[in-house]
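Observations on chain architecture
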Amino acid sequence: MAITFAILAVTIVLFVRSRREPDLIALGSLLALFLFGVVDLDQALSGFSNPTVVLIGALFIVGEGLTRTGVTAFVGERLVGGGRPRPVRLLVATMAAAALLSGFVSNTGTVATLMPAVVIAAWGVGSRPSQFLIPLAFAANAGGLLTLAGTAPNIVIAEALDASGLRPFGFFEYAGIGLPLLAAAVLYMVIVGRRLLPRRRAGAPPVLLDHELGELADTYSLRGELVRMRVRVGSPLVGSTLRESDFGRRYGASVLQIEPAAPEGGLRRRLPDAVRDRLPSDADALPDPDQRLAVDDVLVVGGPPEVVERLVIECKLGLLPVADEGEELAELLSQEIGIAEVLLTPRSSYVGKAVAEGAIGRQYNVLVVGIRRGAQPVAATEALEFGDSLLVRGTWEAIGRMAEEPRNFVVVGRPEALARQVTEMNARSVTAVASLAGMVLLMVTGVVPTVVAALLAAGVMLAAGCLTTTQAYRAVSWSTVVLIAAMIPMAVALDATGGAEEIADAMVASLGSFGPTALLAGVIFVAMAFSQVVSNTAAAVLMSPIVLTAAEGLGVDPHPLMMGLAAAASASFLTPIATPTNLIVMVPGDYRFNDYARVGAPLALLSLVIAVIVIPVLWSF
């Protein structure tokens, strides 16, 4: 027991003071427990087979699936809209959304799902992610107290009551204390907490879609060179294909998209141009070179003004207005189709070849939107040189293939960051949302274990193509997974050596002599203390039998004390290792260990006071 406490103390000191990565410190703690004989090999490695660790990995994949299909970007857009012009409104919206979702989805899943949207929203309101990610985690912790399925300690406590022959808490009974504590947490963050949060610049700001595409339109001189052209009656293009028209060789222009006319083309022709041009039409992701053109088809064409004028005259095309080339570029993006900037390397096989010859397009199934050499635009008919930059449009997979050929190309910037911000919802988006809803339903009904529900949702997303296997592996924060897995043996050691029970039993026994309210305060205090250094689930497991025994000894109803234990387990605000949710936001928010204590200590004290006042009113002793 003494060795365990010594290792725990050293671990906490290193977490607070060391600049080493937290997962390395946790692994050191695990090895120390094994080398000193506190735990055996199976116990030391038990964290890596723990369902909680597998659950976290699966939920990272679920969150990435929602991101890749535009769902989180859609939510982020709504959050930014709700937060303008003041970040305070975004803070409230973030905490409310996290609390509501965490009542039905695991807290970890809530944070993993909402965090990408919140990061984008934070930059969108001129702030930093560090101002919102701790509130996101704290709100998810507090929101877990709204339902039985909200967090694991709630289930542990209900099962402990049931095993003792007592009435377990109902599914929504936890909300009796959960709602007051959540309201207090939101008010505290708005009034006090946000002033204590650090304002750190954690990495580069995310690429904002509208701003980035506007810059690309300017850089590649697309202002006036990206046009929409309607195929008129009598055009020589009617009945021909893009391949037959040979736009690239003959005109030096690129057709980026074909918007086919609706079946009621005759009706459309009788409408005024101003009305017809605003009617929605189905568009192919990439233009099919063998698709035959029809009257009223709309072509999105890239080319200089003289080429556009020639097309209007020779091909009898109607020129449609383009209000903003950046917006037009944005319309060319989807969950499958992207835009990227690539540079030609000195040894590139395409140096000396012209884009109009089609070698790049045929090889990678991409379209070249624009070419630039230094500060000057380059015509598609000119031979390419080392250092030329190309703006290409193609599938994200095709862009990825270009990035994997460093001998020929260097992909500039972070094109995948643009993909994450496409808010267009498609069939895969519906699948991702349905997978999330199914996961929630399985978790609420308890038909399968929570970890199985998360794995099923992740598997459906992978099978449906919401994300690739490579993207799924990259989505998992392995440092977070290792950190949690390496800290679980500490909870095992505290339980096995009797250290946790001895401390908790002594605290509860000494306070019990002052009456049930004092005992309630002591239970909450001790459980809060345990929840900061071990998982809140472990704290609930360790203290449940102690609390039940103490209640029986005092001759009082155990329900108020057990509800206090649940409230304390959800008030894990003082350290990043208290809950997986706190850990998940640590790196993206660039938080230090003591940031949690500075912001969370007043909130924990406030939660204790509210719980001691409210719980005896709703659950009498």
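Further up the page is the structure itself.
I will try to describe carefully the structure that is included in this document.

Rules and cut-offs
Residues numbered from 1 in each chain as written. Predicted model: local features only at pLDDT ≥ 70, side-chain atom pairs only at ≥ 80, totals over all residues. Heavy atoms only, no water. Helix = DSSP H or I, 4+ residues; strand = E, 2+ residues; numbered from the N terminus. Buried < 20%, exposed > 50% of the residue type's maximum accessible area, 1.4 Å probe, protein only. Contact = heavy atoms within 4.5 Å. Areas by Shrake-Rupley, 256 points an atom, 1.4 Å probe, with all protein chains shown as cover. Salt bridge = Lys/Arg side-chain N within 4 Å of Asp/Glu carboxyl O. Arc of directions from axis to C-beta. Core = buried A, V, L, I, M, F, W, Y, C linked by side-chain atoms within 4.5 Å. 1 Å grid on protein atoms, 1.4 Å probe; cavity = no way out; pocket = protein on both sides within 12 Å on 5 of 7 lines; lining within 4 Å. Points joined across faces, edges and corners; volume = space filled by probe spheres on them. Nonpolar A, V, L, I, M, F, W, Y, C, P; charged D, E, K, R; others polar. Expected span 1.5 Å × (residues − 1). Pairing = 2+ DSSP bridges. Axes fitted to C-alpha atoms, helices over the stretch in contact; angles between N-to-C directions. Parallel < 35°, antiparallel > 145°, perpendicular 65-115°, else oblique. Left-handed = near helix turned anticlockwise from the far one by under 90°. Patch = residues over 30% accessible without salt bridge, like charges linked within 9 Å, V, L, I, M, F, W, Y side chains within 5 Å. Phe/Tyr/Trp six-rings, centres within 6.5 Å; stacked < 30°, edge-to-face > 60°.

Considering the overall build of the chain
Looking only at helices and strands, the chain features 30 helices and nine strands. The burial tally for the chain puts 54% of its 621 residues in the buried class. For the chain, the share of sequence-separated contacts (at least 6 apart) that also reach a separation of at least 24 residues comes to 80%. Taken as a whole, the chain presents about 26,000 Å² of accessible surface, with 61% of it coming from carbon and sulfur.

As for the pattern of salt bridges
Under the defined criterion, the tally for this structure stands at eight salt bridges. Among the salt bridges present, the one from Asp595 reaches Arg598, with a minimum N-O distance of 2.7 Å. Taken as a pair, Asp595 and Arg598 lie in helix H30 (residues 593–618) at a separation of three residues, close to a single helical turn. Residue class for Asp595 comes out buried when judged on its relative accessible area of 1%.

Concerning unusual backbone geometry
Of note, Asp296 is a non-glycine position whose phi angle comes to about 80°, a positive value. By relative accessible area, which is 2% here, Asp296 ends up buried. Notably, Lys316 is not glycine yet its phi reads approximately 50°, a positive angle. Relative to the assigned elements, Lys316 resides in the loop between helix H16 (305–314) and strand S4 (317–320). We classify Lys316 as partly exposed; its relative accessible area is 45%.

Re helix H19 (residues 396–403)
All of the buried residues along H19 are Trp396, Ala398, Ile399 and Met402. The arc enclosing the buried residues of H19, seen along the axis, measures out at 160°, which places them on a common side.

Brief notes about the side chain of Thr575
Within the secondary structure, Thr575 sits in the loop between helix H28 (558–570) and helix H29 (580–584). Setting aside its immediate chain neighbours within four residues, Thr575 contacts Gln532, Asn582, Phe593 and Tyr596.

A short note on the nonpolar core
When a protein is soluble and globular, its nonpolar side chains tend to lie buried together. Counting residues in hydrophobic clusters, the biggest one holds 132 residues, and the most contacted among them are Ile177, Met439 and Met562. Not counting the four nearest positions on each side in its chain, Ile177 is found in contact with Leu145, Met563, Ala567, Ile610, Ala611, Val614, Ile615 and Trp619. Of all hydrophobic cores here, the second largest spans 23 residues; its members include Leu344, Ala359, Val392 and Phe409.

Remarks on empty space enclosed by the protein
Space left empty within the atom packing is revealed by a probe, the size of a water molecule, rolled over the atoms. As enumerated under the stated definition, the model contains three cavities of 30 Å³ or more in all. Its boundaries defined by the atoms lining it, the second largest cavity holds a volume of some 70 Å³. Lining of the second largest cavity is provided by Ala142, Leu145, Leu181, Ala185, Ala567, Ser570, Ala571, Phe573, Leu603 and Ser607. Of all the elements in the fold, those that place two or more residues in the lining of the second largest cavity are helix H10 (175–196), H28 and H30. Residues that form the lining of the second largest cavity fall into these classes: eight nonpolar, two polar and no charged.

Things to note about helix H6 (residues 87–102)
Taking 1.5 Å of rise per residue, 16 residues should cover 22 Å, and H6 covers 22 Å from first to last C-alpha, within 8% of that figure. For H6, the complete set of buried residues consists of Leu90, Leu91, Thr94, Met95, Ala98, Ala99 and Ser102. End-on, the buried residues of H6 take up no more than an arc of 160°, which puts them together on one face.

So, the pairing of strand S6 (residues 366–373)
The element S6 is largely enclosed, with a buried count of six among its eight residues. The pairing of S6 with strand S8 (residues 389–395) spans six bridges and is antiparallel. Of the residues in S8, the one forming a bridge with Ile371 is Leu390. Where S6 and strand S7 (residues 376–377) come together, two bridges link them in antiparallel fashion. Its bridge partner being in S7, Arg372 is matched across the sheet by Pro377. Here S6 hands over to S7 after two residues, with Gly374 in that stretch at a positive phi of 70°.

Points about the packing of H6 against H10
One can describe the packing of H6 onto H10 by two numbers: an axis separation of 11 Å at closest approach and a directional angle of 155°. Here H10 runs roughly antiparallel to H6, going by the angle between their axes. As for how H6 packs across H10, the hand of that crossing is right-handed. Touching Val88, Leu91, Val92, Met95 and Ala99 of H6 are Leu182, Ala185, Val186, Met189, Val190 and Arg194, all from H10. Per-class residue counts for the contact of H6 with H10 are ten nonpolar, no polar and one charged.

Focus: a nonpolar patch on the surface
A cluster of nonpolar side chains, Ile3, Leu24, Leu27, Leu31, Phe34, Leu35, Phe36, Leu41, Leu45 and Phe48, forms an exposed patch at the surface whose accessible area comes to about 960 Å². Here the nonpolar patch gets five residues from one element, more than from any other, and that element is helix H2 (residues 22–35). As for its placement among the helices and strands, Leu35 is situated in helix H2. A residue is classified by how much of its surface remains accessible, and Leu35, at 69% relative accessible area, is exposed.

Here's the deal with the sheet that holds S4
A sheet is described by the order of its strands in space; here four strands give the open sequence S2-S3-S1-S4, paired in antiparallel fashion. Every interior strand has two partners, whereas the edge strands, strand S2 (254–259) and S4, have only one. Sheet twist, expressed as the mean angle between neighbouring strand axes with direction ignored, is 30°. Judged from the four bridges that link them, strand S1 (residues 226–231) and S4 form a sheet pairing that is antiparallel. Across the sheet, Val231 pairs through a bridge with Leu317, a residue of S4.

Topic: the packing of aromatic side chains
Counted according to the given criterion, the structure contains five aromatic pairs. With a centroid separation of 4.7 Å and 50° between ring planes, the pair formed by Phe138 and Phe573 is classed as tilted. Pair noted here: Phe138 is in helix H8 (residues 133–143) and Phe573 is in the loop between H28 and H29, with a separation of 435 residues, a long-range link. On the accessibility criterion, Phe138 (0% relative accessible area) is buried. Here Phe573 falls in the buried class, since its relative accessible area comes to 3%. Ring centres of Tyr350 and Phe409 lie 5.5 Å apart, and the angle between their planes is 20°; on these two criteria the pair is classed as stacked. Of this pair, Tyr350 sits in the loop between strand S5 (337–344) and helix H18 (359–364) while Phe409 sits in strand S9 (residues 409–412), placing them 59 residues apart in sequence. This pair shows no difference in class: Tyr350 is buried, exactly as Phe409 is.

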